[in-house]
Amino acid sequence: MIRKTRLFTPGPTPLLPAAQFAMAAADIHHRTAEFRALYQRVLEQLKAFVGTKNDVLLLASSGTGAMEASVSNLTSPGDHVLVLSAGKFGERWTAITKAFGCVVDTLTAPNGETFSLADVKARIKPETKAIYVQATESSTGVRHDVEGIAKLIKEVGSDALLVVDAITGLGTTHFDVDGSGIDVIIGGSQKAVMIPPGLAYLSLSDKAWAATETSKNPRYYFDLRKERKNAQKGESSYTPAVALIAALGAALDYIAAQGGGDLAAGRKALVDNAETCAAMTRAAVQALGLKLFAPSAPAAAATAVLPPEGVDSGVFVKELKSRFAVVITNGQGEMKGQIFRIAHIGFFDYMDTIAIIGALEQIAVNTLKIPGFQFGQAVAAAQKAYVEATTAKQEAEPVGAR
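Keep in mind it's a predicted model, so treat the numbers as computed, not measured. Throughout this document, residue positions are counted from 1 along each chain, in the order its sequence is written. Restriction of local features to residues with pLDDT of at least 70 applies here, the model being predicted, together with a cutoff of 80 or more for giving and counting side-chain atom pairs; totals for whole chains, interfaces and linings are based on all residues. As a rule here, side-chain values come from all non-hydrogen atoms in the structure, and water together with hydrogens is ignored.

### With respect to unusual backbone geometry
In this model, Gly11 is joined to Pro12 through a cis peptide bond whose omega is 0 degrees. Although it is not a glycine, Met194 adopts a positive phi angle of roughly 65 degrees. Within the secondary structure, Met194 is located in the loop between strand E9 (184-188) and strand E10 (200-204). Burial classification: accessible surface area is computed with a 1.4 Å probe over protein chains only, and a residue below 20% of its type maximum counts as buried, one above 50% as exposed, and the rest as partly exposed. Judged by relative accessible area, which is 0%, Met194 ranks as buried. Here a helix means four or more residues in a row that DSSP labels H or I, a strand means two or more in a row labelled E, and each is numbered from the N terminus.

Next up, the structure:
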């Protein structure tokens, strides 16, 4: 049979065709009225996509650039910060905050688990300037309770800033950014907005903007004050990624169309889509006799799966790639060989999900020869999960919204 490459990775994700066309046509100079109109429109759309009244800034970088900016712009050497770490990207927060001279208290959770809110509460001190956390730890397929953490900060009367890496969380998790008290939320282009890597975006609360004025850390390219000032004029501080911004505009238009022209409704539909694909996948892999790696706090961005005992998870990665041109991800760092991850973030749907489950069944029967497994078991489990998820969604919606 022919081989059609399909990405099932949590970034980069499959590209939206309309975004690819927009990139190809983006032959405009960045210091023109034409670009300024595009830039201002995209920045305004991003506010609706993130779900905030605050300004959203775009940076020509990967998501890690926005992570660094949220440290260099908000803290000073010697500031006490709390990092909540449960995987490779939590470890990145620790590394960045240490690089900028912060006194770092790291609360860790084992791979595949999230934090006890009681433990988080116990670590918030009067001197804590900021709390850094992932919405989704995509290295292990875990979702953290961001709104629960935000509530804790209010309960203890802390002035700490809550900074959330939602690079894989936006578009896969429902957030009340302003209402819950998230001070900084960060996204990346190669995730739910379905375009190539190269753009990061973030919004800051008024409290976070005030912190940028007192920070004593050096900043140049990632000076958010300068970026905000230029964005108000429809410009970036430095050469922007013009083609990617055009692609982002097309992607946000597509998401709005999924909500009948309402970007907030389209965002909700995108999250619901990821939740449904994730539920289907979790049901399917369990029907294969496999175990979920993060059963107590599973993310909708990606599902992490344990291979059968004695089997390296790389077998699934290699077999899917060699037989079906399907690209999934192995575990990262110390988890390599111990889990494999299937993504649901962005441009995935029901048909994609059924297809990869069918491929997993082929590996279960023909490669691993799992005892007692027959074709159709995993697909049937996914079908039931799909019906349950979509029925629950329809029952929750007002009649006029259907």
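### Quick notes on the sheet that holds strand E12 (residues 302-306)
The four strands are arranged E11-E12-E15-E14 in an open sheet whose pairing can be described as antiparallel. Since the sheet does not close on itself, it has two edges, and those belong to strand E11 (291-292) and strand E14 (329-330), each with one partner. For E12 and strand E15 (residues 340-343), the ladder comprises four bridges, and the chain directions are antiparallel. What sits directly across from Thr303, in E15, is Ile342. Note: two strands are recorded as paired if DSSP finds a minimum of 2 bridges between them.

### A short note on empty space enclosed by the protein
Think of a 1 Å grid over just the protein atoms. A cavity is a set of points where a 1.4 Å probe fits yet cannot get out, a pocket is an open set with protein on both sides within 12 Å along at least five of seven lines, and lining residues have an atom within 4 Å of a point. Grid points are joined across faces, edges and corners, and a volume is the space filled by probe spheres set on the points. Going through the model one piece at a time under the given rule, you end up with three cavities of 30 Å³ or more. Approximately 100 Å³ is the volume found for the largest cavity. Looking at the largest cavity, it is lined by 14 residues, and the ones nearest its centre are Leu58, Leu59, Ala60, Ser236 and Pro240. Classes in brief: Ala, Val, Leu, Ile, Met, Phe, Trp, Tyr, Cys and Pro nonpolar; Asp, Glu, Lys and Arg charged; the others, Gly included, polar. For the lining of the largest cavity, the per-class residue count stands at ten nonpolar, three polar and one charged. Its volume calculated, the second largest cavity comes out at about 50 Å³. In terms of lining residues, the second largest cavity is bounded by Thr140, Gly141, Arg282, Leu292, Phe293, Ala294, Pro298, Ala299, Ala302, Thr303 and Ala304.

### Details of the nonpolar core
What is meant by a nonpolar core is a set of buried Ala, Val, Leu, Ile, Met, Phe, Trp, Tyr and Cys residues, joined one to another through side-chain atoms within 4.5 Å. Counting 119 residues, the largest nonpolar core has Phe49, Leu58, Leu162 and Ile328 as the members making the most contacts within it. In terms of residue count, helix H10 (residues 242-258) provides more of this core than any other element does, eleven residues in total. Leave out the neighbours within four places in its chain, and Ile328 touches Phe8, Thr9, Phe316, Val317, Leu320, Phe340, Arg341, Ile342 and Ile356. Residues count as neighbours in contact if any of their non-hydrogen atoms are within 4.5 Å of one another.

### What about helix H3 (residues 63-72)?
For H3, the buried fraction is high: eight of the ten residues fall into the buried class. Among all positions of H3, only Gly63, Gly65, Ala66, Met67, Ala69, Ser70, Val71 and Ser72 are buried.

### Comments concerning the pairing of strand E5 (residues 128-134)
With respect to burial, E5 is a largely interior element, six of its seven residues being buried. As paired strands, strand E3 (residues 80-85) and E5 are joined by four bridges and run parallel to one another. Looking across to E5, one finds that Val81 is bridged to Ala130. Both E5 and strand E8 (residues 161-165) contribute to a ladder of five bridges, which runs parallel. Looking at E8, one finds that Tyr132 is bridged to Val163.

### Regarding the packing of aromatic side chains
Working definition: a ring pair exists when centres of Phe, Tyr or Trp rings (six-membered ring for Trp) sit within 6.5 Å. Plane angles under 30 degrees give stacked, over 60 give edge-to-face, the rest tilted. Scanning the model with the defined rule gives nine aromatic pairs in all. On the basis of an interplanar angle of 20 degrees and a centroid distance of 5.4 Å, the ring pair of Phe35 and Tyr39 is categorised as stacked. Placement of both Phe35 and Tyr39 in helix H2 (residues 33-50) is noted, with a separation of four residues, approximately one turn of the helix. In this pair, the class of Phe35 matches that of Tyr39, namely buried. Both rings, one in Tyr221 and one in Tyr238, keep their centres 5.3 Å apart while their planes meet at 20 degrees; by these two values the pair is stacked.

### What to know about the sheet that holds E5
Taken in spatial order, the seven strands of this open sheet run E2-E10-E9-E8-E5-E3-E4, and their pairing is mixed. Looking at the sheet topology across the chains shown, the edges are occupied by strand E2 (56-59) and strand E4 (103-108). Neighbouring strand axes in the sheet, compared pairwise and without regard to direction, differ in orientation by 20 degrees on average. Sheet topology places E9 next to E10; five bridges connect them, and they run antiparallel. Within E10, the position partnered with Ile186 by the bridge is Leu202. Interaxial angle, 0 to 180 degrees, is taken between N-to-C directions of lines fitted to C-alpha atoms, where a helix line uses only the stretch in contact. Against the sheet, helix H6 (residues 146-155) makes contact with E3, E5 and E8, and its axis sits at roughly 170 degrees relative to E8, the strand it touches most. Together, E2 and E10 form the strand contacts of helix H9 (residues 224-231), whose direction differs from that of E2 by roughly 105 degrees.

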